[in-house]
Structure formats: structure tokens, C-alpha cells
Amino acid sequence: MTEVLRYVPEQSKSDTDHDYARVLDDLSAASVHRNFDPYLDIDWDAPEMAVIPDDPRWILSYDVDPIGRHPWYQSQPRDKQIAIGMWRQANVAKVGLQFESILIRGLMQYSFALHNGDKRFRYTTHESKEECNHTLMFQEMVNRIGMDVPGAKVFYRRVSMFLPLISTVFPTVFFFGILGGEEPIDHLQKDFLRTTDDLHPAMSAVMQLHVAEEARHISFAHHHLRETVPKKGPARRFLLSLTLPIAMRGLLGAIMVPPRSFRREFDIPDSVMRQIFWGSPESKRVRRNVFGDVRMLAEQCGLDNSAARGLWRILGISGRSSRFRSEPIYSAP
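Residues numbered from 1 in each chain as written. Predicted model: local features only at pLDDT ≥ 70, side-chain atom pairs only at ≥ 80, totals over all residues. Heavy atoms only, no water.

Chemist: If you had to explain the overall build of the protein to someone new, which residues and values would you point to?
Modeler: Each helix and strand in the protein was counted, giving 14 helices and zero strands. In the protein, the succession of helices and strands from N to C terminus is α-α-α-α-α-α-α-α-α-α-α-α-α-α. Its C-alpha radius of gyration of 20 Å places the protein within 12% of the 20 Å reference for a compact globule of 333 residues. Judged by the C-alpha coordinates and their principal axes, the protein covers about 70 × 45 × 35 Å. Counting the 333 residues in the protein, one finds 55% classified as buried. At a minimum sequence separation of 6, the contacts of the protein that also span at least 24 residues come to 81%. Counting every atom, the protein has about 15,300 Å² of accessible surface; 56% of that belongs to carbon and sulfur. (Helix = DSSP H or I, 4+ residues; strand = E, 2+ residues; numbered from the N terminus. Rg over C-alpha atoms; globule rule 2.2 N^0.38 Å. Buried < 20%, exposed > 50% of the residue type's maximum accessible area, 1.4 Å probe, protein only. Contact = heavy atoms within 4.5 Å. Areas by Shrake-Rupley, 256 points an atom, 1.4 Å probe, with all protein chains shown as cover.)

Next up, the structure:
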């Protein structure tokens, strides 16, 4: 059940408890003093933010997006490349919105079970407020692109009402899920911002704002798991070591792979979709690179063992662990 971190006299705290409490104070303070509002910090009605027909900035990046680098996509007429790019970007935003909605509900469930004085109550509530702003921002982006996208696959949408309940029954697994949803989107957006000079201004503004605040949210999940997982018994840690890669692989598919309506909308051959997700060497590299930070976290939490490493390999998401959070990866590991 939920681990508790209450106010206790300084002399009775362990060094790790004290460090974790200080992290929570710092993150909460940062949420107060460094927060964003999508309707104050993004000038949606500025002329350069307009979504106009035949804008080549919507063409998917060869360097970043698995769809954008596939020969089938590159062979399509320019107007179809633009339409696919707009649909893809709008759908990623919609998936992000749906994931944030689950996260908000789960964090509220989690904070509901916390005791008085637990510092996590304040931070998780700050984070939930910020995620609400992200859902507003993502939906505004979808509306302005003008594509009626569904977001996640049908199964993911149908089970979404039950997923927040995991936060009070299996809180560690819930925090695995947070990373499984946030890390792929954060990784993709950072790669876009690092390598793509000609992003549409609306997309660039959304990505910059989201990446800035997600750094805080991902940091909390990492600190929380480093604090709580090593205190569990060997049997529970072993089960968690196997659960972690399964959660990462499942959520990667839910976040990154478009639903079937995408194929139908643009008449994309099934063989092409299988190569893009995840048959080609390039797409396999992307799949591996997404979770470098999580593999590093697994080592730090004591969730790195031979059985878990084998499962990471079987699921196609093994590779070199990051040396530090958000380490750029410029070549295949």
C-alpha cells in the first residue's frame, strides 16, 4: 500500500528520508515559482501560430519520427506528407492528453490515501494542477490542427477508467506507469527540439512548455522510486524488476503506435506499419533508446538482475543505460 513520509523530528530521520523530504520541498517550491499557463504563455492567436494549408513544416522529421524516415512516407506526394504529419502530431497530442487525464486521476487517488503531514500530498497536487494545464494545451493544439483524431488505441481508451485505481492498490506499479507514459513523449519531444529547426511555432511552443514541466514530474517519479523500492523485500523487488520492462513496453506501444484509423485514413499498407513499428533496424533503435533513463533507474533501485535483463532484451527495449537523466543518444547503442 501507500508508503508514508510524514513530518518527524530531524534527529530520527535517516539521511535518505531527509534528502527525499528536501527534494519534495524543492519540487513543490519550483511548482509555485516556475509554472506555466497555456493561455498566458502561448499566444495562440498570433499570426505565426496559424495552421495554414500546404505548410511544409508539418512534414514529419526524417531524423526523429519513425514514420518520417520510412521510404513509403518519403515517396508520398507533398500534400499527403503534410496531412499525415498533421494527423500524427495531433494524435500524439491527443494521446498525451488521455495519458495526463489518467495520471491526474491516479495522483488524486494516491494523495487521498496519504496521511496528514505527508509532503507528497502537496507536490502530487501541484503536479496534478500542472497536468490539467497540459490537457488544456494538448486539446487546444488538436483543435487548431483541425484533425478529428482518436488518440490512443480502442483497448487503452476502454480500460482507462480502471487504471487510476492502481495508484492506491499497487502504487509502485502506478509510478512505473507514469514513467512508461511520460518518458516516450518526453524523449520524442526533446529529439524534435534538438534536431528539428523548422518546427511549426505552435508545436514548438507546446513542446517547450511541456518538456520544461515534465522534467519536474519525471524527477519526482525517479526520486520516489529510488526512495521506496530499495526498502521492499527481495521477493517483491524481483517481481517489480519483471513488472518494470513489461509496463514500459506496453505503454510504449500505447503512446507511440497510432491506432488502426490512421492506416485507414491514409491507406498505409500493413507491411509498412509493421516495419515502422517496430520491424526496421532504425525503429528498433528508437525503441531501445527511449528507456535509457528507466534502465538507469532500475539499476539504482536494485531492479537489475539477470532475469530482468533477459526480459528487457526479449521485449526489444534493452540497451545501454543513461549515465545521467536526459542524456542525448546520437548513435545506436
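Chemist: An account of the pattern of salt bridges is needed here, citing residue identities and associated values.
Modeler: The final tally for this structure, using the stated rule, is 18 salt bridges. One salt bridge connects Arg320 with Glu327, and the closest N-O pair in it is separated by 3.4 Å. What makes Glu327 buried here is its relative accessible area of 8%. (Salt bridge = Lys/Arg side-chain N within 4 Å of Asp/Glu carboxyl O.)

Chemist: Please give an account of the environment of Arg249 that cites residues and values.
Modeler: Inspection of the secondary structure assignment puts Arg249 in helix α9 (residues 234-256). Look at Arg249 and you get partly exposed, because its relative accessible area is 21%. Put simply, Arg249 and Ala221 are 28 residues apart on the chain and 18 Å apart in space, counted from C-alpha to C-alpha. Setting aside chain neighbours within four positions, we find Arg249 in contact with Trp278, Arg287, Leu315 and Ile317.

Chemist: Just give me the short version of the packing of helix α3 (residues 78-112) against helix α7 (residues 171-195), but keep the residues and values in it.
Modeler: Two measures define how a pair of helices packs: the angle their axes make with one another and the distance between the axes. Between α3 and α7, the shortest axis-to-axis distance is 11 Å and the interhelical angle comes to 150 degrees. Between α3 and α7, the crossing angle belongs to the class labelled roughly antiparallel. The crossing of α3 and α7 is left-handed. Along the contact surface, α3 presents Gln89, Gly96, Phe99, Leu103, Gly106, Leu107 and Tyr110, while α7 presents Pro171, Phe174, Phe175, Gly177, Ile178, Gly181, Glu182, Ile185 and Phe192. A class-by-class count of the residues in the contact of α3 with α7 yields ten nonpolar, five polar and one charged. (Axes fitted to C-alpha atoms, helices over the stretch in contact; angles between N-to-C directions. Parallel < 35°, antiparallel > 145°, perpendicular 65-115°, else oblique. Left-handed = near helix turned anticlockwise from the far one by under 90°. Nonpolar A, V, L, I, M, F, W, Y, C, P; charged D, E, K, R; others polar.)

Chemist: How would you summarise a nonpolar patch on the surface if you had to cite specific residues and measurements?
Modeler: Taken together, the side chains of Met161, Phe162 and Leu165 define a hydrophobic patch exposed on the protein surface, amounting to about 330 Å² of accessible area. Topologically, Leu165 is positioned in the loop between α5 (154-159) and α6 (166-169). (Patch = residues over 30% accessible without salt bridge, like charges linked within 9 Å, V, L, I, M, F, W, Y side chains within 5 Å.)

Chemist: Lay out the packing of helix α4 (residues 119-145) against helix α8 (residues 201-228) in plain terms, naming residues and giving numbers.
Modeler: Direction vectors running N to C along α4 and α8 enclose 155 degrees, while the axes themselves pass 11 Å from each other. Relative to α8, the element α4 is oriented roughly antiparallel. For α4 against α8, the interelement crossing comes out left-handed. Listed contacts from α8 to Arg120, Tyr123, Thr124, Glu127, Glu130, Glu131, His134, Met137, Phe138 and Met141 of α4 are Ala202, Met203, Val206, Leu209, His210, Glu213, Glu214, Arg216, His217, Phe220, His224 and Thr228. Here the contact of α4 with α8 is composed, by residue class, of nine nonpolar, six polar and seven charged.

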